[in-house]
Amino acid sequence: MKIIACIKRVPTTDLEPKIVDGKSLDPTGVAFETSFYDQIAVEAALQVKEQHGGEVTVLTIGPKEAQKELRDALAKGADHAVLLKDDRWMSRDAHSTARTLQQKIQELGADLVLTGRVATDRDNASVGVMLATLLDFACVSDVVELEIDGRGGKARREADSGLESYSFSLPAVITCQKDLNEPRRAGLKGIMAAKKKPLDESDCPESSNQAEVCQLDTPPPRPQGRIVGEGAAAVEALIDALHNEAKVL
Amino acid sequence: MDPFRQLDFLGIEDEFSEEECMVRDTVRGWVSERFLPVVAEHFEAGTFPSELVGELAELGVFGPNLPEEYGCAGLNNVAYGLICQELERGDSGLRSFVSVQGSLVMYPIFAYGSDEQKSHWLPRLASGETIGCFGLTEPDFGSNPGGMLTRARRDKGDWIIDGRKMWITNGTNSHLAVVWARADDAIRGFLVPTDRPGFSAPEQKRKWSLRASNTSELVLDGVRVPEDAMLPKAKGLAGPLGCLTQARYGIAWGAVGAAMACLDEAIRYSKERIVFDKPLAGFQLPQKKMADVATDITLAQLMALRVGRMKDKGTLEHQHVSMAKRNNVDMALRAARTLRDILGANGITLEYHTGRHMCNLESVYTYEGTHDIHTLAIGQALTGIAAFR
Ligand SMILES: Cc1cc2nc3c(=O)[nH]c(=O)nc-3n(C[C@H](O)[C@H](O)[C@H](O)COP(=O)(O)OP(=O)(O)OC[C@H]3O[C@@H](n4cnc5c(N)ncnc54)[C@H](O)[C@@H]3O)c2cc1C
C-alpha cells in the first residue's frame, strides 16, 4: 500500500505573534513544529503500514528548514520524504496548496492520503477535503477511528450531531482529528536511521493564490481578571458578578 | 504550564547540527511529559522511578554513543552530551542512572571487554533488560581509589572476590556490577552478576541529596565468578579512570541542564510574583542574580560544546574533562543556591524544582572526582607537579 501523509511546518502554539507590514507574521525568534493534527496523520500512516505493509511518504510544502519536520517523521518510521520548497508557504491559500499537493501525489501515486484536520497556524480546515476533490478520491474528514482493509476501509468521524460511521473505497483522503491516535515519539535510533532515508527536495511549482491575506490583526488583549473575594464569602459576590456583569446566569 | 524555555543567549543553537537538536528535543519532550510529573514524589519517597526504565531504553539513552551493532544509537558525543543536559534538567538522579548504565557499565565492557563479553552484555544493557552499577569507591578510599582493599584471587580457574564498596549508584537495583578489585598483578575489573552467592547490596538511606536515585553498599563475601568475568583489556587504575572520564564528560553537560531548569523557573516565578506592588523581576537585585547566572550558564554551555567537539575529534584528554566537570558543576551549584533564594519560601518546597536541584548538585560536586580533586588534576596539568599525594 502506498501511503502519503501531508504535513505542514507551523509556528509552535505557544507563540506570541508579532505582525510586520500589516499582513505577515514576524518570523524572528519563531520556533516551528509539525502541525498537531498532521502529527496524528503521520501516526495513522505508520499504523496502517504496520498493519498492512507498504510504504509511507511524508510530503510537505515549505522552506528548506522544513527538512526538520520531515526528518522527525522519518525518525518515527516513515520511509521517504518529499519537500516542495517554497519560502512563502505560509501565505499560500488552501487552493494553491491543495493543487500543488495533488500534482505531486499523482506523480508519486497513492492508495491512501492522510492529512491533519486543520493546520494550527491558519485554521482553514480546507486543504485535505480540497485535495480529495482535486484527486477525485473518496474523502472522510475529522476522523477519530480508522480501519483499513485491502480495498477500502471504515472510518468514524465527529459531526456536530454525534459520531458518523462511513465505509469508503481506496484510494481515499482521510483528514485526522485529535482522538484518532497518540503520536509516537521518535527514538534516538530512529533519528540516526532517518539520516540515511531518502529526502527529495525540489522547487515548488508556481501557483497563484485565489485569495490573498490583505490584513492581519492579533486578537484584542483579554481584559484583566478580578478577584471578588475569598472563601465562602466570595460566593455571593461571584454570583452577583456573573448575573449582572457577565450576564451568563 | 508553558513548555520549558531554554536559555540560549548567544544563539549556540547554530553550532549544533539538525540531528543533535532533534536528539535534544526528543529527550527534552520525554523528560517534560513523563519524568517531571513524577520526580517530586520519588524524591520525597527516596526512590528511583524504575517504572520508566523501559521507556528510557526505548528512547535509546543507554550507551547512545556506542555502535549500532550492539543495539545502541551510534550518536556522536555532542548528541550524548545534550542527552545528559536534558536528563539532568529533569533531575541529577535520572542523569546519574543513565551515566552509570552507559558510561560506567557499557563503556568499560565496550572498551576493555572481550568480543564475547561485548556481544553478551551490551545489547542487554542497551535494552534495559540488564541494569548495571559501577563499584569503585570503598568506605576508606574515595578520592584515592588506588588504595582499595577489595581483593580478587584465583581459585581453580575461577576468581573469588572479597571486599566492600560504598556509595554505589543503582547498586540495589542492578543485575550486573562492574567491580574493581586488586588482583595479583594489578587492579582489574570484573563483571559480577548480582545474584551470585555472597553478593549483597544494602541500600544507603537517609540521604538528603540525589534522593530520586538508588545508592548502596556492595558487600562481596567470597563471591565466585568464572575466569572470563574479568575485563581482559583493563589493567591498573587507568581502567576505572578511563570510565570516569566518559561519565564526567556527561556530567559537564548535565550540570548545564540543571542550571537551565533553575533559571527558567526563577525567570517565570519572578515575573509573576508581586512584591511591593510590582513583579519581583522588576527589581535590580534579582535581575543581577539572574544576569550573573545566565552569563555563567552561557560560558558553561560553550565549554561543554568545546569539549564535546574535541571528544568527537579524538583530541580530548582527561584534564580537559576535569576542567569542564569542575567548572560546570560548581556553576550549577552556585546558580541553584542563588536562584533558590529568588523563590523565597516556595523555594524550599518540592513544588518547585530549584531546591531539589540544589540538594542534588551537592552529590554531583563530590562524586566522579570531587571539585578539589579536579582542581589538583588541572594544577598537575599546568605545573607538572601532582599535589594530591
Ligand atoms: C550520591 C553518590 C553516588 C555515588 N555513586 C558512586 C558510584 O556509582 N560508584 C562509585 O564507585 N562511587 C560512587 N560515589 C562515590 C564518590 O565517587 C566518592 O564519594 C568521591 O570520590 C569522594 O570520595 P569520599 O567520599 O571518600 O571523599 P574523600 O576522598 O574522603 O574526600 C573528602 C574531602 O577531602 C578532599 N580531598 C581528598 N583527598 C585530597 C587531597 N589529596 N588533597 C586535597 N583534598 C583532598 C576532597 O576533595 C573532599 O573535599 C558516589 C557518591 C555519592 C555521594
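Residues numbered from 1 in each chain as written. Chains lettered and ligands numbered in written order. Predicted model: local features only at pLDDT ≥ 70, side-chain atom pairs only at ≥ 80, totals over all residues.

Within chain A one finds six helices and 13 strands. Along the three orthogonal principal directions, the C-alpha set of chain A runs to about 65 × 45 × 40 Å. Buried positions account for 38% of the 249 residues belonging to chain A. For chain A, long-range pairs separated by at least 24 residues make up 70% of all intrachain contacts whose partners lie at least 6 apart in sequence. (Helix = DSSP H or I, 4+ residues; strand = E, 2+ residues; numbered from the N terminus. Buried ≥ 20, exposed ≤ 12 C-beta atoms within 10 Å, placed from the backbone. Contact = placed C-beta atoms within 7 Å.)

A few words now on the nonpolar core. Counting 169 residues, the largest nonpolar core has Ala5 and Ala41 of chain A together with Phe190, Ala255 and Ala259 of chain B as its most contacted members. If you tally residues by element for this core, the top one is helix α6 (residues 238-272) of chain B, at 17 residues. Leave out the neighbours within four places in its chain, and Ala259 of chain B touches Val293, Ile297, Met331, Ala332, Ala335 and Ala336 of chain B. (Core = buried A, V, L, I, M, F, W, Y, C linked by C-beta atoms within 7 Å.)

Residues and elements named next belong to chain B. Viewed as axis vectors pointing N to C, helix α1 (residues 18-45) and helix α3 (residues 77-90) meet at an angle of 20°, and their least axial separation amounts to 8 Å. Between α1 and α3, the angle is such that the two are roughly parallel. Handedness of the α1/α3 crossing: right-handed. Across from Glu19, Glu20, Val23, Arg24, Val27, Arg28, Val31, Phe35, Leu36 and Val39 in α1, the residues of α3 making contact are Val78, Ala79, Leu82, Ile83, Glu86, Leu87, Arg89 and Gly90. (Axes fitted to C-alpha atoms, helices over the stretch in contact; angles between N-to-C directions. Parallel < 35°, antiparallel > 145°, perpendicular 65-115°, else oblique. Left-handed = near helix turned anticlockwise from the far one by under 90°.)

In an α-helix, one turn spans 3.6 residues, which is why side chains three or four residues apart end up on the same side. Here helix α10 (residues 371-383) of chain B spans 18 Å end to end across 13 residues, near enough to the 18 Å set by a 1.5 Å rise per residue. Phi for Gly384 of chain B, located one or two positions after α10 of chain B, is positive at around 80°. (Expected span 1.5 Å × (residues − 1).)

Now for unusual backbone geometry. The omega torsion of the bond from Leu170 of chain A to Pro171 of chain A falls at 0°, within 30 degrees of zero and hence cis. Along the chain, Pro171 of chain A turns up in the loop between β11 (162-169) and β12 (172-176). Positive phi, normally seen in glycine, also occurs at Asp142 of chain A, with a value near 55°. Position of Asp142 of chain A among the secondary structure elements: in strand β9 (residues 138-148). Its 22 C-beta neighbours within 10 Å are what place Asp142 of chain A among the buried residues. Even without glycine at this site, Leu210 of chain B takes up a positive phi of about 50°.

Here the focus is the domain arrangement of chain A. Interfaces are often described in size by the accessible area the parts lose on coming together. Per the domain assignment, the segments of chain A are domain 1 (2-203) and domain 2 (219-249). With centres defined by C-alpha atoms, the gap from domain 1 of chain A to domain 2 of chain A works out at 42 Å. (Domains from an automatic or database assignment.)

Contacts between the two partners involve 14 residues from chain A and, on the opposite side, 17 residues from chain B. Elements with a minimum of two residues in the side of chain A that touches chain B: α2 (67-76) and α5 (188-195) of chain A. Of the residues contributing to the side of chain A that touches chain B, the split by class is five nonpolar, two polar and seven charged. (Nonpolar A, V, L, I, M, F, W, Y, C, P; charged D, E, K, R; others polar.)

What follows deals with the packing of helix α8 (residues 318-342) of chain B against helix α9 (residues 354-366) of chain B. When two helices pack together, you describe them by how their axes are tilted relative to each other and by the distance separating the axes. Residues and elements named next belong to chain B. Closest axis-to-axis distance for the α8/α9 pair is 9 Å, and the angle between their directions is 150°. Judged by the angle between their axes, α8 and α9 are roughly antiparallel. Seen from above, α8 lies across α9 with left-handed handedness. Taking contact as the criterion, the partners of Val329, Ala332, Leu333, Ala336, Arg337, Leu339 and Arg340 in α8 are, on α9, Thr354, Gly355, His357, Met358, Leu361, Val364 and Tyr365.

Right, let's talk about the confidence of the model for chain B for a bit. Low-confidence regions, as indicated by low pLDDT, have predicted coordinates that should not be scrutinised in detail. Here chain B shows a mean pLDDT of 97. Residues at 70 or above account for 99%. Scored by ipTM, the complex comes to 0.87, with pTM at 0.91. (pLDDT = per-residue confidence, 0-100.)

Residue and element names in this part refer to chain B. The local shell around the ligand holds 20 residues, among which Leu136, Thr137, Gly142, Ser143 and Thr370 are the closest. Elements represented by at least two residues in the shell around the ligand include exactly β1 (132-135), β3 (158-169), α9 and α10. A total of three residues in the shell around the ligand trace back to one element, the largest contributor, which is β3. Its residues assigned to classes, the shell around the ligand comprises nine nonpolar, nine polar and two charged. Each of domain 2 (132-229) and domain 3 (238-383) gives at least three residues to the shell around the ligand. (Near = placed C-beta within 6 Å.)

The next thing to look at is the domain arrangement of chain B. Residue and element names in this part refer to chain B. One can read the domain layout of chain B as domain 1 (12-126), domain 2 (132-229) and domain 3 (238-383). Taken over C-alpha atoms, the centre of domain 1 sits 19 Å from the centre of domain 3. Contacts between the two partners involve 28 residues from domain 1 and, on the opposite side, 29 residues from domain 3. When residues of the side of domain 1 that touches domain 3 are traced back to their parent elements, those giving at least two are α1, α3 and α4 (92-112). By residue number, the principal contributor to the side of domain 1 that touches domain 3 is α3, which donates eleven residues. Class assignment for the residues of the side of domain 1 that touches domain 3 results in 13 nonpolar, eight polar and seven charged.

This part is about the environment of Pro139 of chain B. Residue and element names in this part refer to chain B. Along the chain, the position of Pro139 falls in the loop between β1 and β2 (151-155). The spatial distance from the C-alpha of Pro139 to the C-alpha of Trp167 is 8.3 Å, given a sequence separation of 28 residues. Among all residues touching Pro139, those that are not within four sequence positions of it are Arg164 and Met166.

Before going further, it helps to spend a moment on the sheet that holds strand β13 (residues 199-203) of chain A. All names here are of chain A. Ordered by their spatial adjacency, nine strands build an open sheet running β11-β10-β9-β12-β8-β1-β6-β7-β13, and the pairing between neighbours is mixed. Two strands in the sheet have a free side with no partner beyond their single neighbour: β11 and β13. Going across the sheet, the axis of each strand differs from the next one's by a mean of 35°, ignoring polarity. Sheet topology places strand β1 (residues 2-6) next to strand β6 (residues 55-62); five bridges connect them, and they run parallel. By the bridge assignment, Ile3 is partnered in β6 with Val56. Here α2 sits on the sheet in contact with β1, β6, β7 (80-85) and β13, set at roughly 165° to β7. (Pairing = 2+ DSSP bridges.)

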